[in-house]
Amino acid sequence: MEAQSPQFKLSEAPLQLLLFIDKRPSSGEKIRQIRQFLKETATDDTYYDLQIVDVGEQPHLAEYFKLMATPSLIRIHPEPRQVLAGSDLVAQLSSWWGRWQRVVDEQAAESASHVRDNPASPHTIHSIAHSAELLQLSDEIFRLHREKEELQAQVRFKDQLISMLAHDLRNPLTAVSIAIETLEIGNSSRDEAGGTRLNPALMAQIMKHARTQTKAIDRMITDILQAAREKGAGIKIQPEEVDLTALCLEVLNQLEEQFKIKSHQVAIDIPSDLPKVYADPERIKQVMINLLDNAVKYTPEHGTIQIGILHRTTQKVQISIGDDGPGIPEENQQSIFEDCFRLKRDEAKDGYGIGLGLCKRVVQAHYGQIWVDSSPNHGSCFHFTLPVYCGVPTA
Ligand code: ADP
């Protein structure tokens, strides 16, 4: 992880000020007014040093200086510190200016006599550098602390994925090895007529089952690798003109076996005049597969899964995947798109809570939106949008 450079620079200016601001739009104007005042009032610009601190980005410094409000202007040198706070900072600065100048002059005189008496140790410069160094260090400690927490969270996330993966791979692996053994035994043992004991239809069924299981294994591994690769990094897409209808049918075809296993009905509603979209076909397949996988996983046997596409505006197409499963409580409808979030109710089911997070990143990389409409016991309908292809990309 790249460490940012320290936010504080060493300064040797006789008067050193820190201005604490926040993200309010009025902050820019406050900075401008104070700079203007200093420029017009100070003898020259080497007399003072004004550093701006955004409390949102460096909360530890607000804590360090025990600030109660923003904006606040702190005289950090000469010591002792003085804090001005409130909306009329320029007026306060103006009324304190004369006294601050006197303090600066007194310090300069004191420092000059100190240098005369101790030529080897320039007192003022040492003290200014010392306080700036302290600030740098506290800044750095805070950043290292945050990085450590992020790294620990990443390690925990990876540990969790590895143990879940190891656990979940066991079932499909066992199923595949049983299928292979059955085929082996059936193939080696002969009936009285000299034929194999397994009839061709049964053999085909066993092989199909084994194939479905290996695909499930493959999907688990792909998901994990993808999550590891993409965590923290932006998703790269290679968009092109895409026929969404064909892509959608291809995905449905690919998942046909899964729909059969739980006897799900699939209802398709795609208009014949759907425009092409500008998207990365492999990534969009991945989103559809994730949403359909979830629909299958969370919908009871004999349920219905709907897939519909709507040409919503001249710019956007909306894809919707609905089911009549248990639904998602309103208070969780945002969090399910965060990594590692799973409803307590579903913790016993296979999964890592990363599928929807990935979907969100892919859709956002296409400048689209993704959301869910749902109410408990009335199913869920996931929607996402993609840009229409207009010859040139539309964002
Ligand atoms: P996973 O399904 O692997 O747990 P996801 O990120 O795909 O991870 O989904 C996050 C959570 O959202 C799931 O654990 C589940 O609780 C809930 N969820 C997702 N899709 C559905 C759905 N179609 N019906 C009900 N709950 C769902």
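For the structure, see preceding data.
Heads up: these notes are all about the structure in this document. These numbers come from a predicted model, not from an experiment.

What counts as what
- Residues numbered from 1 in each chain as written.
- Predicted model: local features only at pLDDT ≥ 70, side-chain atom pairs only at ≥ 80, totals over all residues.
- Heavy atoms only, no water.
- Near = heavy atom within 4 Å.
- Polar contact = N/O pair within 3.5 Å; in protein donor to acceptor, adjacent residues only side chain to side chain.
- Areas by Shrake-Rupley, 256 points an atom, 1.4 Å probe, with all protein chains shown as cover.
- Helix = DSSP H or I, 4+ residues; strand = E, 2+ residues; numbered from the N terminus.
- Nonpolar A, V, L, I, M, F, W, Y, C, P; charged D, E, K, R; others polar.
- Axes fitted to C-alpha atoms, helices over the stretch in contact; angles between N-to-C directions.
- Left-handed = near helix turned anticlockwise from the far one by under 90°.
- Contact = heavy atoms within 4.5 Å.
- Expected span 1.5 Å × (residues − 1).
- Buried < 20%, exposed > 50% of the residue type's maximum accessible area, 1.4 Å probe, protein only.
- Pairing = 2+ DSSP bridges.

Taken together, 20 residues lie around the ligand, and Asn294, Tyr298, Asp323, Arg342 and Asp346 are the ones closest in. A distance of 2.7 Å separates an oxygen atom of the ligand from a polar atom in the side chain of Tyr298. Note that an oxygen atom of the ligand is positioned 3.1 Å from one of the backbone N or O atoms of Tyr352. In isolation the ligand offers 520 Å² of accessible surface; the protein chains occlude 98% of this area. If you list the elements that add at least two residues to the shell around the ligand, you get α8 (281-298), α9 (355-365) and β11 (380-387). A total of three residues in the shell around the ligand trace back to one element, the largest contributor, which is α8. Partitioned by chemical class, the residues of the shell around the ligand number nine nonpolar, six polar and five charged.

This part is about the packing of α8 against α9. Where α8 meets α9, the axes come as close as 9 Å, and the angle between the chain directions of the two elements is 150°. Handedness of the α8/α9 crossing: left-handed. Residues Arg283, Ile284, Gln286, Val287, Asn290, Leu291 and Asn294 of α8 pack against Gly355, Leu356, Leu358, Cys359, Val362 and Val363 of α9. Residue classes in the contact of α8 with α9 are distributed as eight nonpolar, four polar and one charged.

A separate point is α8. Here α8 is 18 residues long and its end C-alpha atoms lie 26 Å apart, about the 26 Å a rise of 1.5 Å per residue gives. Of all 18 residues in α8, 15 are buried; the element is thus mostly enclosed.

Strand order in this open sheet of four strands is β2-β1-β3-β4, and the pairing throughout is mixed. The sheet is open, and its two edges are formed by β2 (48-54) and β4 (82-85), each paired on a single side. On average, each strand axis in the sheet is inclined to that of its neighbour by 20°, with strand direction left out of account. In the sheet, strand β1 (residues 15-21) pairs with strand β3 (residues 72-77) via five bridges, with the strands oriented antiparallel. Counterpart to Leu18 in the pairing with β3 is Ile74. Contacts from helix α1 (residues 26-41) reach β1 and β2, with the element oriented near 175° to β2.

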